[in-house]
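# Reading the structure
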Amino acid sequence: MEVTIMLYDGITALDAIGPYEVFAGTQQCNVKFVAKEKGIIKLDSKMGYLHADYSFSEITSTDILVVPGCSPPNYKNPMNDEETLNWIRKMHETSKWTTSVCNGSLILGAAGLLNDVEATSHWGSFDILQSLGAIPTEERVVRQGKIVTAAGISSGIDMALQLVAWEFGEDLSKGVQLILEYDPQPPFDTGSIKKAPASLIKNIKMLLQELSEKEPNM
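Residues numbered from 1 in each chain as written. Predicted model: local features only at pLDDT ≥ 70, side-chain atom pairs only at ≥ 80, totals over all residues. Heavy atoms only, no water.

## Quick word on the overall build of the chain
To keep things clear, this is the line we draw: Numbering of helices and strands runs from the N terminus; a helix is a DSSP stretch of H or I covering at least four residues, while a strand is a stretch of E covering at least two. With the radius of gyration taken over C-alpha atoms, the globule rule is written as 2.2 Å times the number of residues to the power 0.38. Exposure classes here rest on a 1.4 Å probe applied to the protein chains alone. A residue is buried below 20% of its type maximum, exposed above 50%, and partly exposed in between. In short, Shrake-Rupley with a 1.4 Å probe defines the accessible areas, and a residue's cover is counted only from the protein chains shown. Counting rule for charge: Lys and Arg are taken as positive, Asp and Glu as negative, and neither His nor the chain ends is counted. A charge is said to be at NZ when it belongs to Lys, at CZ for Arg, at CG for Asp and at CD for Glu.
Assigned secondary structure in the chain consists of 8 helices and 11 strands. Over its C-alpha atoms the chain spans a radius of gyration of 16 Å, differing by no more than 12% from the 17 Å that the globule rule assigns to 218 residues. For the C-alpha atoms alone, the extent of the chain along its principal axes is close to 45 × 40 × 40 Å. Among the 218 residues that make up the chain, the fraction classed as buried is 47%. Element-wise, carbon and sulfur atoms account for 49% of the exposed surface of the chain, whose accessible area totals about 10900 Å². Looking at charge distribution, the chain has the averaged site of its 18 positive side-chain charges lying 3 Å from that of its 28 negative ones.

## Describing the packing of aromatic side chains
This is how it is decided: Each Phe, Tyr or Trp ring (for Trp, its six-membered ring) is paired with any other whose centre lies within 6.5 Å, and the angle between the two planes then decides the class: stacked below 30 degrees, edge-to-face above 60, tilted in between.
Using the criterion set out here, one finds 3 aromatic pairs in the structure. Ring geometry for Phe-56 versus Trp-87: centroids 4.3 Å apart, planes at 10°, classification stacked. On the criterion of sequence distance, the pair formed by Phe-56 in the loop between strand S5 (54-55) and strand S6 (64-67) and Trp-87 in helix H3 (residues 82-94) is long-range, its members being 31 residues apart. Each member of the pair, Phe-56 as well as Trp-87, is classed as buried.

## Some points on the layout of surface pockets
Just so we agree on the cut-off: Cavities and pockets were defined on a 1 Å grid built from protein atoms only: a cavity is a group of points that admits a 1.4 Å probe but offers it no way out, a pocket is an open group of points flanked by protein on both sides within 12 Å along at least five of seven lines, and a lining residue is one with an atom within 4 Å of any such point. Grid points are joined across faces, edges and corners, and a volume is the space filled by probe spheres set on the points. When residues are grouped by polarity, Ala, Val, Leu, Ile, Met, Phe, Trp, Tyr, Cys and Pro land in nonpolar, Asp, Glu, Lys and Arg in charged, and all others, Gly among them, in polar.
Within this model, the largest pocket holds a volume of roughly 1200 Å³. Around the largest pocket, the lining is made up of 45 residues, and of these His-122, Trp-123, Gly-152, Gly-191 and Ser-192 lie nearest the centre. Of all the secondary-structure elements, those providing two or more residues to the lining of the largest pocket are helix H5 (126-131) and helix H8 (198-212). The element best represented in the lining of the largest pocket is H8, accounting for 9 residues. Taken together, the residues of the lining of the largest pocket sort by class into 21 nonpolar, 15 polar and 9 charged. By volume, the second largest pocket amounts to about 270 Å³. As for the second largest pocket, its lining consists of 15 residues, of which Leu-7, Tyr-8, Asp-9, Lys-36 and Ile-41 are closest to the centre. The set of elements that each furnish at least two residues to the lining of the second largest pocket consists of strand S3 (39-42) and helix H2 (76-79).

## So, the nonpolar core
Soluble globular proteins tend to pack their nonpolar side chains together in the buried interior. Selection rule: Residues belong to a common nonpolar core when they are buried Ala, Val, Leu, Ile, Met, Phe, Trp, Tyr or Cys residues joined through side-chain atoms within 4.5 Å. By the convention used here, residues are in contact when the closest approach between their heavy atoms is within 4.5 Å.
Leu-7, Phe-23, Trp-87 and Ile-88 are the most contacted members of the largest nonpolar core, which has 55 residues in total. Among the elements that take part in this core, helix H6 (residues 155-168) stands out by supplying 6 residues, more than any other. Apart from the residues lying within four places of it in its own chain, the contact partners of Phe-23 are Val-3, Cys-29, Val-31, Ile-64, Val-66, Ala-160, Leu-163 and Val-164.

Here is the structure:
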């Protein structure tokens, strides 16, 4: 199965690498990193890089398209780049699954793929997601036809495991989960706005809002 993970400058590493590890772990997927131009891709942390082995012009179809997210405001560049949006639309025409992680769903929305579609994103991006015509939902993984969106960063692992289960069966997906020893036991129970204290949510929301109002600097 062909899996294409779209990269762009300012991306969050785990959004791409989480699904990559799951799909690679099946040993039944050919996973490719692709960007507008192949080569080094800067991370939002500015402390490392990913590498796109293929350019948009070299990849014209895929079984699974994954559009990862980023720290705000880095999604603005792909959202406003018509070449990127046209490539996503073209891939979506023949893909079996078109997916996103975190605020990667904003990029799908900018491409016009989420009009009146239930979708999720990082909780801090729900307002923008709604403005793009989507119907935001707080579910961790949301499937609407062949479009699958995942919530914040770490949920990309859950989404990929679910896709593996749909495509190859639950036994393989459970095996990959065991190989990855994916058994989250965080030290704090604040990984969701349903669980975090109101004061913490307020502070983080203010931070994310400040970042989203800036222009990308990558």
